[in-house]
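Residue-level listing of the chains:
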Amino acid sequence: MRIVPVFKGVALVALGAALLQAGGAGAEAPSVPAPASTVPGWSDFLDGLRDLPDRILARIPAEQRSDPQVRQEAGRLALSAVAAATIDALAADPDHPAFIPQINNYITTGQPNADTNYRAAKIAPGGTYRLRGLRGSMNQARIAEAGPRPQQTAGSVNLGAPRPVHDINALEVDAEGRYDVILSPERPPGHVGDWWQLDPTTNMLLVRMVASDWTAEKEPTLSIERLDVPAVRPRPAAAVLEQKLRGISVAAGFIAPLLADRPAKLRGEGYVNRLKAVDFSQMGGLAGQFYFEGAYDLKDDEALLIETKLPEKCTYQSLILTNDLYETTDWYNNQSSLNGAQAHLDSDGVLRVVVAAKDPGVPNWLDTSGYRTGVVQGRWMECSSQPVPAARKIALKDLRGALPADTPTVTPQQREAILRDRRATLQQRPLW
C-alpha cells in the first residue's frame with residue numbers, strides 16, 4: 001500500500017498547536033546564552049520588558065505581591081501595556097495617521113470606562129488634518145487633544161492641564177449623516193465648512209465614544225488625513241522603525257505601573273467601603289466630568305450598599321469596579337458596570353447599587369467577579385450637581401430589609417439572560 005505524504009504546512013501547524021496545547025512539554029533544550037540580535041534595538045526592546053511585571057508588583061502591598069494570582073495578573077497587565085504600545089509602534093504615523101485602538105476590556109491599562117470605546121491618532125504639532133465619517137448617535141463622541149507629558153514628580157501622576165476637547169456630535173452633517181471637519185492651528189484660507197482650532201503643541205488625538213444605551217447608540221466612523229503633506233506614504237526609514245521598536249518598552253514601562261498603587265492609596269487614606277470625590281483633571285480626565293471612588297473589602301456573605309439621589313440633569317453617569325491593580329473588572333462577562341440607561345431607579349427617587357460577590361437578586365448588582373478587594377469608581381458627566389454617594393457594608397442576609405419593599409427581584413434565570421444579552425451587545429460594538 002502506498003503511503004500518501006501529509007502536506008507539510010498542515011502537519012507543522014498541527015504540531016505547533018499540539019505543542020502550545022501541551023504547554024511546550026517535552027525534553028528541554030540545553031540552556032545557552034541568546035546571541036545579540038542582528039536587528040538593532042531588538043535585544044534592548046526585550047531587555048526593557050523583562051522586569052515590567054516586577055515594576056508593577058513593586059507598587060502594591062507586600063501581601064498582594066506574594067499572591068500567585070496577583071502575580072499573574074501583573075503579568076497580564078504588563079502584556080496589556082506591551083500590546084497597546086506595539087499597536088502604536090506598528091500603526092502610528094503623524095504624517096499618515098489613523099485612529100487605532102487604545103484601551104478596552106482586553107487592554108486594561110489606564111482603567112478604561114466600560115461604556116467607552118477609545119481610539120487615538122498621533123499627529124504632528126502644527127499640522128493640518130481633515131476628519132470625515134458618519135456622525136453616529138453616541139451619548140458622547142469627543143476628541144481630546146493631548147501634548148507632551150510634563151516632568152513627573154515622585155508619588156504623583158501629571159499628564160498636564162486639560163487641553164481642547166472637540167465634539168463630533170456638534171458637527172454639521174449632510175443628508176447621509178456624514179461630517180467633514182478641518183483641524184489646524186489656523187483656519188485655512190477660504191475654508192467655509194466646520195473647523196476646529198488645534199493647539200500647535202498637540203501631538204495626539206484621543207477619541208472617547210461613550211454609550212449609555214448599548215443597543216441603540218451607534219459609534220461614529222472616523223478617518224483622518226494630513227493635508228499639508230503628500231498623500232503617498234514612503235517606505236519608513238530603518239532609523240524610524242528602530243526608534244519605534246525601542247519606544248515600546250518605554251511606553252509600556254510608563255503606563256503599566258502608573259496607577260497600580262491607587263487602590264492601596266485609597267485604603268491608606270481610610271476610604272474602604274466608602275467613597276470620596278477625585279480630581280482627575282491633571283490625569284487626562286474630561287472637563288465637565290466629576291469622579292468619585294473608594295476601595296471595597298467584602299467577604300462572600302457581605303455587600304456594599306451605595307445610595308444617592310440623582311442630579312436633576314445629567315448627560316451621563318456610571319459605576320464601575322476595578323481590581324487591586326486598578327484594572328477595570330471584566331465587564332463583558334460580568335455585570336461589573338452600570339450606567340444611567342441600565343440602572344434601576346427606586347420609587348423614592350434614590351439610586352441604590354449593591355456591590356457583592358454573590359448575586360443578591362436585585363437589578364443594580366455590581367459583581368465583584370472573584371475579587372474580594374478592589375475599587376468602586378463612579379462618574380457624573382455634565383450634571384447639575386455632583387453628589388458623592390453614601391456607602392455602607394451590610395450582611396447579604398440583611399440586604400432586602402435595607403431596600404425599598406418594591407425593589408424588583410431578578411431570578412437566576414433572568415440574570416443568565418441579562419448577562420448573555422449584555423455580552424452579545426458588547427461584542428457587536430466595535431472593539432478593534
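Residues numbered from 1 in each chain as written. Predicted model: local features only at pLDDT ≥ 70, side-chain atom pairs only at ≥ 80, totals over all residues. Heavy atoms only, no water.

Caption draft 1: Structural view of the overall build of the protein chain. Across its full length, the protein chain holds nine helices and 18 strands. For the protein chain, the proportion of its 432 residues judged to be buried stands at 43%. For the protein chain, the accessible surface area stands at approximately 22,100 Å², while carbon and sulfur atoms represent 56% of it. (Helix = DSSP H or I, 4+ residues; strand = E, 2+ residues; numbered from the N terminus. Buried < 20%, exposed > 50% of the residue type's maximum accessible area, 1.4 Å probe, protein only. Areas by Shrake-Rupley, 256 points an atom, 1.4 Å probe, with all protein chains shown as cover.)

Caption draft 2: View of the pairing of strand 12 (residues 302-309). Along strand 12, seven of the eight residues are buried, which leaves the element largely enclosed by surrounding structure. Summarising the sheet, strand 12 and strand 18 (residues 390-395) pair through six bridges and their orientation is antiparallel. Bridging across to strand 18, Glu302 finds its partner in Ala395. Where strand 12 lies against strand 15 (residues 350-356), seven bridges are found, and the strand directions are antiparallel. Looking at strand 15, one finds that Ile306 is bridged to Val353. (Pairing = 2+ DSSP bridges.)

Caption draft 3: Spotlight on the sheet that holds strand 3 (residues 129-134). In space, the four strands of this open sheet follow the order 7-6-3-9, with mixed pairing throughout. Strands at the two margins of the open sheet, each flanked by one partner only, are strand 7 (194-197) and strand 9 (223-226). Along the sheet, successive strands turn relative to each other by an average axial angle of 25°, direction set aside. In this structure, strand 6 (residues 178-184) lies alongside strand 7, joined through four bridges in parallel fashion. Looking at strand 7, one finds that Leu183 is bridged to Trp196. (Axes fitted to C-alpha atoms, helices over the stretch in contact; angles between N-to-C directions.)

Caption draft 4: Representation of the confidence of the model for the protein chain in the model. For the protein chain, per-residue confidence averages 91 on the pLDDT scale, and residues scoring 70 or more make up 89% of the total. Contacts for the low-pLDDT stretch residues 1-26, under 50 throughout, to residues beyond four places or in other chains number three contacts. (pLDDT = per-residue confidence, 0-100. Contact = heavy atoms within 4.5 Å.)

Caption draft 5: Spotlight on the state of the cysteines. This model, assessed by the stated rule, comprises one disulfide. Two residues, Cys314 and Cys383, share a disulfide whose sulfurs are 1.8 Å apart. In this pair, Cys314 sits in strand 13 (residues 314-322) while Cys383 sits in strand 17 (residues 373-383), placing the two residues 69 residues apart along the sequence. (Disulfide = S-S within 2.5 Å.)

Caption draft 6: Highlighting the packing of helix 5 (residues 68-91) against helix 6 (residues 238-255). With their axes 8 Å apart at the nearest point, helix 5 and helix 6 run at an angle of 145° to one another. Viewed along their axes, helix 5 and helix 6 form a crossing whose handedness is right-handed. In contact with Ala81, Val82, Ala85, Thr86, Asp88 and Ala89 of helix 5, helix 6 contributes Lys244, Ile248, Ala251, Ala252 and Ile255. Looking at the contact of helix 5 with helix 6 residue by residue, the class counts come to eight nonpolar, one polar and two charged. (Left-handed = near helix turned anticlockwise from the far one by under 90°. Nonpolar A, V, L, I, M, F, W, Y, C, P; charged D, E, K, R; others polar.)

Caption draft 7: Summary view of the environment of Arg226. Topologically, Arg226 is positioned in strand 9. Here Arg226 falls in the buried class, since its relative accessible area comes to 16%. Excluding anything up to four places from it in sequence, Arg226 contacts Pro94, Asp95, Pro97, Ala124, Gly127, Thr128 and Tyr129. Within the structure, the side chain of Arg226 is placed 2.4 Å from the side chain of Asp95, a separation counted as a polar contact. There is a polar contact of 2.7 Å between the side chain of Arg226 and the side chain of Asp228. (Polar contact = N/O pair within 3.5 Å; in protein donor to acceptor, adjacent residues only side chain to side chain.)

Caption draft 8: Here's a closer look at the nonpolar core. The biggest cluster of nonpolar side chains holds 28 residues, and the ones touching the most others in it are Phe99, Leu131, Ile143, Trp196, Leu205 and Ile224. At the level of elements, strand 3, strand 4 (140-146), strand 6 and strand 8 (204-210) are the ones that each hand at least two residues to this core. Those residues within four positions of Leu131 in sequence are excluded, and the remaining contacts are Phe99, Ile143, Tyr179, Asp180, Val181, Leu183, Trp196, Ser223 and Ile224. (Core = buried A, V, L, I, M, F, W, Y, C linked by side-chain atoms within 4.5 Å.)

Caption draft 9: Here's a closer look at the pattern of salt bridges. In total, this model carries 30 salt bridges according to the counting rule given. Residue Arg226 is joined to Asp228 by a salt bridge in which the shortest nitrogen-to-oxygen separation is 2.7 Å. The class of Asp228 is partly exposed, set by a relative accessible area of 40%. Notably, a salt bridge pairs Lys397 with Asp398, separated by 3.4 Å at the nearest N-O pair. Among the residues examined, Lys397 registers a relative accessible area of 72% and is labelled exposed. (Salt bridge = Lys/Arg side-chain N within 4 Å of Asp/Glu carboxyl O.)

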